Amino acid sequence: MAAVDKKLFRLAGKIQHYAWGGYNYIPQLLGIPAGKEPSAEYWMGAHPSAPSAIHLNGDSLTLDQLISRQPAEVIGAPVWERFRELPYLFKVLDVREMLSIQVHPTKAEAEKGFDRENAAGIPLNAPHRNYKDANHKPEIMVALSEFWLLHGFLPEDKLAKVLDSVPEFSSLKSTYESEGYYGLYKTVMEMPQEQVNTFLRPLAERVLPAYKEGKLQKSDPAFWAGRAIDNDPQGLNRLDRGIFSIYFFNIVQTQPGDAVFQDAGIPHAYLEGQNVELMANSDNVLRGGLTPKHIDVPELLKHTRFEAVHPRILKGETAANGAERIYSSPAPDFVVSQIKVQPGTIYENTAKAAEIMLLLNGSVVISGSDTLDLQQGQSVFVAAGETYRIEGEGLLYKATVPL
């Protein structure tokens, strides 16, 4: 097989049309007309369910096809030896409506779950399938706007205060005091729907008018509970048990350039805003509420870390070149960075592992084994070993593997 001598490629990602997405942000970023479907995510990577497209010698092929030609040379020998694939998936998200309460499994548990569902003959695209692949899914997000999310259980004192101050939850206090996070969460997640309605209807009737009248702040869980109820087609008839999570988890507000890392087992949900997200190359999600998608409470409870979480907002560290801000995390699969290019300055780099870069705004020229003019919303794939330079004026986000 002929070697892949070119190492710098234009890359075209795939838009995912999920119901919670916005209609305008991603089309405007990409410079395309907005459609009738929501544009929730823009995927850049080699995940088999939606691989990005590139062009090589006049041929159009997918990124996973390019990698398969010369895997060690394209993604880097150390990366190929460890992961046997491009180990990350890079995304832009536009969150118009809150996402499901969710947890991601560890690598070992994902392998077991994937094998178990395969053995049971569950098709990969089945709506009740939990494990779409055998990989874990740690993820890091960097806010592109003011961004709100739920992230892990409240610290003990704050959760106790919620159970004291929200009258509908007073009967849960003894469960929390005797059985901790696990006992409390298991109780509400396994509660029969009729009992969920009994618990939450008085709360819903109290917060919904205040939400509709604009009297609630986004830092108040009542705001998000009101929005969840208002957006639910079943309204007060069948209240979503995910509302408990809104009150039990940290509500985190981030500003553009702020990052948050979500490790395996940390329950979370995105609430509103736009971000870039970088994750292990996986689509494994265990859901527990605020979604019409498949919910598997026993599997969710099995993989949740029942511990206090003190949210850490990552600001990134400036690299030696002065133009790059790197957001480090414990994940071996990926690292994301922000690159600011200004007139009169040049960003130069040799890729140690495969990179994907997205130009968020501005106009730049990237030159190496090819020369590419990039406009807002365009992206490139850089193979391992490529030495390149970026000139112009713009803000880019880069995904690669930490080596």
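Use the structure listed above.
Below is a summary of the structure that appears in this document.

What counts and how
Residues numbered from 1 in each chain as written. Predicted model: local features only at pLDDT ≥ 70, side-chain atom pairs only at ≥ 80, totals over all residues. Heavy atoms only, no water. Buried < 20%, exposed > 50% of the residue type's maximum accessible area, 1.4 Å probe, protein only. Helix = DSSP H or I, 4+ residues; strand = E, 2+ residues; numbered from the N terminus. Contact = heavy atoms within 4.5 Å. Polar contact = N/O pair within 3.5 Å; in protein donor to acceptor, adjacent residues only side chain to side chain. Phe/Tyr/Trp six-rings, centres within 6.5 Å; stacked < 30°, edge-to-face > 60°. Lys NZ or Arg CZ within 6 Å of the ring centre and 35° of its normal. Core = buried A, V, L, I, M, F, W, Y, C linked by side-chain atoms within 4.5 Å. Pairing = 2+ DSSP bridges. Axes fitted to C-alpha atoms, helices over the stretch in contact; angles between N-to-C directions. Parallel < 35°, antiparallel > 145°, perpendicular 65-115°, else oblique. Left-handed = near helix turned anticlockwise from the far one by under 90°. Arc of directions from axis to C-beta.

**Points about helix H9 (residues 221-231)**
The element H9 is largely enclosed, with a buried count of nine among its eleven residues. Along H9, the positions that sit buried rather than exposed are Pro 221, Ala 222, Phe 223, Trp 224, Ala 225, Gly 226, Arg 227, Ala 228 and Ile 229. Buried positions along H9 lie against strand S9 (147-153), helix H8 (193-212), helix H10 (242-248), strand S10 (249-254) and strand S12 (268-280). Backbone nitrogen of Ala 222 and a side-chain oxygen of the N-cap are separated by 2.9 Å at the start of H9; the cap is Asp 220.

**Points about the packing of aromatic side chains**
In this structure the tally under the stated criterion is 20 aromatic pairs. Ring geometry for Phe 169 and Phe 244: centres 5.6 Å apart, planes at 35°, overall tilted. Placement of the pair is Phe 169 in the loop between helix H6 (156-165) and helix H7 (173-189) and Phe 244 in helix H10, with a sequence separation of 75 residues. Across the pair, Phe 244 and Phe 169 agree in class, each one buried. Feature note: the residues Phe 153, Tyr 176, Tyr 181, Tyr 182, Tyr 185, Phe 249 and Phe 306 constitute an aromatic cluster, connected by ring pairs. Looking at Lys 293, its charged tip hangs above the ring of Tyr 18, at a distance of 4.7 Å from the centre.

**Re the environment of Ala 331**
Of note, Ala 331 is situated in the loop between strand S15 (324-327) and strand S16 (335-341). On the basis of relative accessibility, which here comes to 5%, the residue Ala 331 falls in the buried class. Contacts of Ala 331, omitting those with residues within four sequence positions, involve Pro 138, Phe 261 and Pro 402.

**A few points about the side chain of Ser 337**
Inspection of the secondary structure puts Ser 337 in strand S16. Residues contacting Ser 337, with those up to four places away along its chain left out, are Glu 324, Arg 325, Ile 326, Tyr 327, Leu 396, Tyr 397 and Lys 398.

**Section: the nonpolar core**
Membership of the largest hydrophobic core comes to 52 residues, with the highest contact counts inside it found for Phe 169, Leu 172, Tyr 185, Phe 244, Tyr 247 and Phe 248. Among the elements that make up this core, the one with the highest residue count is H8 (nine residues). Residues within four places of Tyr 247 in sequence aside, it is in contact with Leu 154, Val 162, Val 166, Phe 169, Leu 203, Val 207, Pro 221, Ala 222 and Ala 225. If you look at the next biggest cluster of nonpolar residues, it comprises 45 residues, including Leu 29, Leu 144, Val 336 and Ile 356.

**Side note on unusual backbone geometry**
With a phi angle near 50°, Asn 57 is a residue other than glycine that sits in the positive phi range. Phi at Leu 290 takes a positive value of approximately 60°, unusual for a residue other than glycine. Note that Leu 290 resides in the loop between strand S13 (286-289) and helix H11 (297-303). On the basis of relative accessibility, which here comes to 12%, the residue Leu 290 falls in the buried class.

**Regarding the pairing of strand S6 (residues 88-95)**
On a regular strand, each side chain points to the face opposite its neighbour's, so the side chains alternate between the two faces of the sheet. Of all the eight residues making up S6, eight are buried; the element is thus mostly covered by neighbouring parts of the structure. Judged by which residues are buried, S6 turns out to be covered on both faces: Tyr 88, Phe 90, Val 92 and Asp 94 on one side and Leu 89, Lys 91, Leu 93 and Val 95 on the other are all buried. As judged from the five bridges shared by strand S3 (residues 41-45) and S6, these two strands associate in the antiparallel manner. The residue of S6 that forms the bridge with Met 44 is Phe 90. Across eight bridges, S6 lies against S12 in antiparallel orientation.

**Quick notes on the packing of H6 against H7**
The geometry of H6 relative to H7 is characterised by a closest axis approach of 11 Å and an angle of 130° between their N-to-C directions. With respect to each other, H6 and H7 are oriented oblique. Where H6 crosses over H7, the handedness of that crossing is right-handed. Residues Glu 156, Leu 159, Ala 160, Leu 163 and Asp 164 of H6 pack against Lys 173, Tyr 176, Tyr 181 and Leu 184 of H7.

**Topic: H6**
The complete set of buried residues in H6 reads Leu 159, Val 162 and Leu 163. Down the axis of H6, the buried side of the element spans an arc of 95°, and every buried residue falls inside it. Residues Asp 157, Lys 161 and Ser 165 are exposed on H6 and point more than 90 degrees away from its buried face. Elements in contact with the buried residues of H6: H7 and H10.

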